[in-house]
Amino acid sequence: MQGKWQNPHRRWNPLRQAWVLVSPHRTQRPWQGEVAQKAAPSAVTYDPACYLCPGNQRAGGEANPQYDSIFTFVNDYAALLPDVPTQVESPTSLLLVAEAARGLCKVLCFHPDHSLTLARMTQPEIRRVVDAWTNEYAELGATEWIKYVQIFENRGAMMGASNPHPHGQIWSTGFVPDEPAAETIAQNEYLGRNGRCLLCDYVAEEIRGGERVVFENDLFAVLVPWWAVWPFEVLLVSKRHVGAMPEFSNEERDALADALKRLTTRYDNLFETSFPYTMGFHQAPTDDGEHKEWHFHAHFYPPLLRSATVRKFMVGFEMLGMPQRDITPESAAERLRACSETHFWPRA
Ligand SMILES: [Zn+2]
Ligand SMILES: [Zn+2]
Ligand SMILES: [Zn+2]
């Protein structure tokens, strides 16, 4: 596998309809940066100052219940609000355009134990989170004005997570945000041109080739996509053509929890740290469309490049030109395949 794809080239991302520049030769340049150090996860199971721990008071004044599995609430400092005027005053201009943005932002605590992460939760504990995500998507998506439900997790201070307590967010919007909107166009065009689903075709091709697959179970594949931008970016895809979580069978929900457990454990083991990332599910919009083109998947965007502290920056050419990566997706997949599925810091 070494020697393949070693010259600078660009790769096409058919899901986002964009290019990424791959420059593997750059990893040869001398590195004079920080030295790697192991970072054990937190041992604090309850933090009296944490606004997500059971029983604690939140900044908005409300107290959390003594929850013992999962807990959901509307974000006290939401970026979007459900009750806003439907019109905004905008200047009479071709260039200064605005429209009202309605939304509802929720927080979902994955576990009462402050010290845990998805990686260190059990598969049945993660399954409860999968069930909660499914219910939230179904309930919010059924709301007339909600056109999209974005479920995501920001993990680690490096990704701007303000609190280490295991939790994620759910932002539902009265419009389809740019990323899923672009993927809707791409998947629609592919279906129209080929009569088949883009991601069904893609996952079949990756499983056939195998070099970018990290692991798979019966119902999901986890791979470093051909077009990955972040060093250890991963795409988690259902093998069956499913638009959104409520269509999953009981077995698929279990298999999704299994895939999440195994992937996050491998991530933590890669640099023996609590691996930071932004992850989120892309699912069919909840507008009036039928969305036969939509295929459920999750993106994991982790910033780390070569150790627990050395991250990739998206600056310079990436901001002004296009995304660029150093290690090839094939070698990133090889590194993740070599990681153990037993966490380096087991739970007591
Ligand atoms: Zn907490
Ligand atoms: Zn499909
Ligand atoms: Zn996507």
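Up top you'll find the structure we're talking about.
Source: prediction; values computed, not measured.

Enquirer: Any chance you could break down the overall build of the protein chain for me, citing the residues and the numbers?
Expert: When helices and strands are counted, the protein chain shows six helices and twelve strands. Classification of the 348 residues of the protein chain by burial places 50% in the buried group. Accessible surface for the protein chain amounts to roughly 16500 Å². Of this, 54% is attributable to carbon and sulfur atoms. Between the mean site of the 33 positive side-chain charges and the mean site of the 42 negative ones, the protein chain shows a separation of 7 Å.

Enquirer: Outline the sheet that holds strand 2 (residues 18-22), supporting the account with residue identities and numerical values.
Expert: The mixed open sheet is built from three strands, whose spatial order is 1-2-12. Strands with a single pairing partner mark the edges of an open sheet, and in this sheet they are strand 1 (9-13) and strand 12 (324-325). One ladder, built from five bridges, connects strand 1 with strand 2; its direction is antiparallel. Within strand 2, the residue paired with Trp12 across the bridge is Trp19.

Enquirer: Tell me about the coordination of the zinc ion (ligand 2), and please be specific about residues and values.
Expert: All of the protein donors around the zinc ion (ligand 2) are Cys197 (SG), Cys200 (SG), His241 (ND1) and His295 (ND1); their distances to the metal are 2.0 to 2.3 Å. Considering all four donor atoms around the zinc ion (ligand 2), angles at the metal cover 105 to 114° and the coordination shape is tetrahedral. Here the donor residues for the zinc ion (ligand 2) map to a single chain with the spacing C-x2-C-x40-H-x53-H. Taken together, the positions of His241 in the loop between strand 9 (234-238) and helix 4 (250-271) and His295 in the loop between strand 10 (277-282) and strand 11 (297-301) put the pair 54 residues apart, joining distant regions of the chain. By relative accessible area, His295 is classed as buried at 0%.

Enquirer: Account for the packing of aromatic side chains, naming residues and giving values.
Expert: All told, the structure shown has 18 aromatic pairs when counted by the stated rule. Judged by centre distance (5.5 Å) and plane angle (75°), the rings of Phe220 and Phe248 are edge-to-face. A residue pair is termed long-range when its members are at least 10 positions apart, and Phe220 in strand 8 (residues 220-223) and Phe248 in the loop between strand 9 and helix 4 qualify at 28 residues. This pair shows no difference in class: Phe220 is buried, exactly as Phe248 is.

Enquirer: How would you explain the packing of helix 4 against helix 6 (residues 329-337) if you had to name every residue and give the values?
Expert: Between helix 4 and helix 6, the shortest axis-to-axis distance is 9 Å and the interhelical angle comes to 95°. When the interaxial angle is binned, helix 4 and helix 6 end up roughly perpendicular. Facing Arg266, Tyr267, Leu270 and Phe271 of helix 4, the residues of helix 6 in contact are Arg335, Leu336 and Arg337. Residue composition of the contact of helix 4 with helix 6, grouped by class: four nonpolar, no polar and three charged.

Enquirer: Give a detailed account of the packing of helix 2 (residues 178-194) against helix 3 (residues 198-209), specifying residues and quantitative values.
Expert: One can describe the packing of helix 2 onto helix 3 by two numbers: an axis separation of 8 Å at closest approach and a directional angle of 85°. Judged on the interaxial angle alone, helix 3 and helix 2 are roughly perpendicular. Contact residues: helix 2 offers Ala186, Gln187 and Tyr190, while helix 3 offers Leu198, Leu199 and Asp201. Split by residue class, the contact of helix 2 with helix 3 holds four nonpolar, one polar and one charged.

Enquirer: I'd love a proper account of the nonpolar core, names of residues and values included.
Expert: One broad trend across soluble globular proteins is that nonpolar side chains are buried collectively. In this structure, Trp133, Leu256, Leu260, Phe281 and Phe300 are the most contacted members of the largest nonpolar core, which totals 56 residues. Counting residues per element, this core draws most heavily on helix 4, at nine residues. The contacts of Trp133, once residues within four sequence positions are left out, are Leu108, Phe110, Ile151, Met245, Leu260, Met279 and Phe281. Formed by 15 residues, the second largest nonpolar core is a distinct cluster that contains Val20, Tyr190, Leu199 and Trp227.

Enquirer: Lay out the pattern of salt bridges in plain terms, naming residues and giving numbers.
Expert: In the structure shown here, the tally under the stated rule is 20 salt bridges. Taking the shortest distance from any N to any O, the salt bridge between Glu211 and Arg212 comes out at 3.6 Å. Across the pair, Arg212 and Glu211 agree in class, each one buried. Of the charged contacts, one joins Glu341 and Arg262 as a salt bridge, the two residues approaching to 2.9 Å between their closest N and O atoms. You can see Glu341 sitting in the segment after helix 6 and its partner Arg262 sitting in helix 4, a full 79 residues away along the chain. Take Arg262: its relative accessible area is 19%, and that puts it in the buried class. Each of Arg11, Glu206, Glu211, Arg212 and Glu330 takes part in salt bridges that share partners, so that together they form one network.

Enquirer: Describe in detail the coordination of the zinc ion (ligand 3), supporting the description with residues and values.
Expert: Octahedral six-donor coordination of a metal ideally yields angles of 90 or 180 degrees, compared with 109.5 degrees for tetrahedral four-donor coordination. Binding of the zinc ion (ligand 3) to the protein goes through Glu183 (OE), Glu183 (OE), His282 (ND1), His297 (NE2) and His299 (NE2), at separations of 2.0 to 2.2 Å. Donor residues binding the zinc ion (ligand 3) come from one chain and are separated in sequence as E-x98-H-x14-H-x1-H. Highlighted residues: Glu183 in helix 2 and His282 in strand 10, separated in sequence by 99 residues. Neither residue differs from the other here; Glu183 and His282 are each classed as buried.

About the criteria used
- Residues numbered from 1 in each chain as written.
- Chains lettered and ligands numbered in written order.
- Predicted model: local features only at pLDDT ≥ 70, side-chain atom pairs only at ≥ 80, totals over all residues.
- Heavy atoms only, no water.
- Helix = DSSP H or I, 4+ residues; strand = E, 2+ residues; numbered from the N terminus.
- Buried < 20%, exposed > 50% of the residue type's maximum accessible area, 1.4 Å probe, protein only.
- Areas by Shrake-Rupley, 256 points an atom, 1.4 Å probe, with all protein chains shown as cover.
- Lys, Arg positive; Asp, Glu negative; His and termini not counted.
- Charge placed at Lys NZ, Arg CZ, Asp CG, Glu CD.
- Pairing = 2+ DSSP bridges.
- Donors = N, O, S within 2.8 Å, 3.2 Å for Na, K, Ca; no water.
- Tetrahedral: all angles 85-135°; square planar, octahedral: opposite > 155°, others 65-115°.
- Phe/Tyr/Trp six-rings, centres within 6.5 Å; stacked < 30°, edge-to-face > 60°.
- Axes fitted to C-alpha atoms, helices over the stretch in contact; angles between N-to-C directions.
- Parallel < 35°, antiparallel > 145°, perpendicular 65-115°, else oblique.
- Contact = heavy atoms within 4.5 Å.
- Nonpolar A, V, L, I, M, F, W, Y, C, P; charged D, E, K, R; others polar.
- Core = buried A, V, L, I, M, F, W, Y, C linked by side-chain atoms within 4.5 Å.
- Salt bridge = Lys/Arg side-chain N within 4 Å of Asp/Glu carboxyl O.

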